[in-house]
Amino acid sequence: MAEKRLALKMTIRWGIVTAGKISHDFVNAFNSYPNKGDQTIAAVAARDKSKATEFAKTHNIAIVFDSYQAMAASNDIDVAYIGALNPDHYELSKLFLDNGKHVLCEKPLCLNYKQTESLINYAKTKNLFLMEAVWSRFSPAYLALEKEINSGKLGEVQYVEVNFGVPIAAVDRLRLKELGGSAVLDIGIYTLQFAQFIFKEEPIKVTAIGELNEFGVDLVDTVVLEYKGGKRAVLNINSNVRLWNKATVYGNRGRATVEEPFHFPEILIHADGTVEKIPLHTSSIPYNFQNSAGLVYEALEVARCIKEGLKESPRMSHQESLMLAKLEDEVRKQVGVVFDVDSKDFP
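Calculation notes
- Residues numbered from 1 in each chain as written.
- Predicted model: local features only at pLDDT ≥ 70, side-chain atom pairs only at ≥ 80, totals over all residues.
- Heavy atoms only, no water.
- UniProt positions renumbered as here; feature names shortened; annotations may be inferred.
- Buried < 20%, exposed > 50% of the residue type's maximum accessible area, 1.4 Å probe, protein only.
- Helix = DSSP H or I, 4+ residues; strand = E, 2+ residues; numbered from the N terminus.
- Contact = heavy atoms within 4.5 Å.
- Polar contact = N/O pair within 3.5 Å; in protein donor to acceptor, adjacent residues only side chain to side chain.
- Pairing = 2+ DSSP bridges.
- Axes fitted to C-alpha atoms, helices over the stretch in contact; angles between N-to-C directions.

With an unreviewed UniProt entry as reference, the chain is termed Trans-1,2-dihydrobenzene-1,2-diol dehydrogenase, source organism Parnassius apollo. For the record of the chain, the UniProt heading Sequence similarities (unreviewed entry) holds the text "Belongs to the Gfo/Idh/MocA family."

What follows is the structure, given as structure tokens:
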């Protein structure tokens, strides 16, 4: 009990792994949030130290490392936020876990199910916290939607429809296979996690069709998830055109919608038609991505879990990450996207 009281009082010190766009948004959201409690951004590391130095200057970070290994081995941080490209998630997460650091890793947690299972098992052997950074799960609007569903106002949920389309097909992180490019891994993961957030069970059937680019990377996917009792989710994923990026949940008594951007919305339309606005906090520094202020909520959850001695978040559990990885693998398999790591085994 005394150890738990000490843990609750500890300052959580974050280390930021890479100095790219999503890391910028994460730190900006964190620093500009007024009620983050006893946690701080302590250090940043990047392969290019000049970029890390500039990043630190922008965000007032005291310690700069010129390698990930140096930061992982240091005593200056407690938890690493990994904002690297998809192919680096597995090894970087293992590096920090191996050095006794908790890990929050950007989605997708890994490139496939085998890597995801291996990494989760590794975190368990190290007795450390690990979470996939599916920030949507900590959105106040998602919590309000969940409350609406649990109240019975929608009746029994039968159908979910989600659209996510943004014209980013020419962006290297999406179009190049060696960078882990894939529409389903980049933006489609948000649609998959929404369906799982609502139905909370494994679908009994997955049907996917897609369109590949010249590198064998999916640019467009349409996915149908079928659940027990005739329940379905239809997910439209498109990196060529902008869609109306909202998500609607239909029950036998009514419907509710989280408006664009559904992956971290500020507007919830309730079953009775009332519109609830849940604004995010503001920052003097511009963000790279829409509504990135919401990234702070996953940081709050990580700090809460670590202080309470939890090794995973109940709202974004290891089982949730395994299910997402399984669904992503199945979609890629059906549309014909194959990564080199798919043929490898991981301990």
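That shown, we press on.
Those residues of helix H7 (residues 140-150) lying buried are Ala141, Tyr142, Ala144, Leu145, Glu146, Glu148 and Ile149. The elements touched by buried residues of H7 are strand S7 (157-165), helix H9 (183-199), strand S11 (247-251), strand S12 (255-258), strand S13 (267-269) and strand S14 (275-277). Among the residues of H7, the N-terminal cap falls to Ser139, whose side-chain oxygen and the backbone nitrogen of Ala141 are separated by 3.1 Å. Looking at the residues trailing H7, positive phi occurs at Gly152, about 90 degrees.

Moving on: unusual backbone geometry. Each neighbour pair has its own omega, and for Lys107 with Pro108 the value is -10 degrees, a cis peptide bond. Mapped onto the elements of the fold, Pro108 is located in the loop between strand S5 (102-106) and helix H6 (113-126). Backbone torsion omega between Glu260 and Pro261 reads -5 degrees, so that peptide bond is classified as cis. Residue placement: Pro261 occurs in the loop between S12 and S13. The phi angle at Thr18 is positive, at roughly 90 degrees, despite the residue not being glycine. Locating Thr18 in the fold gives a position in the loop between strand S1 (12-17) and helix H2 (21-32). Given the relative accessible area of 11%, Thr18 is considered buried. The backbone phi angle of Asn127 is positive, close to 60 degrees, even though this residue is not glycine.

Read from one edge of the open sheet, 6 strands run S3-S2-S1-S4-S5-S6, paired in parallel fashion. Of all strands in the sheet, those with a lone pairing partner are strand S3 (63-65) and strand S6 (130-133), marking the two edges. Adjacent strand axes in the sheet meet at a mean angle of 25 degrees, parallel and antiparallel pairs treated alike. Sheet contacts for helix H5 (residues 89-98): S1, strand S4 (79-82) and S5; angle to S5, the most-contacted strand, approximately 165 degrees.

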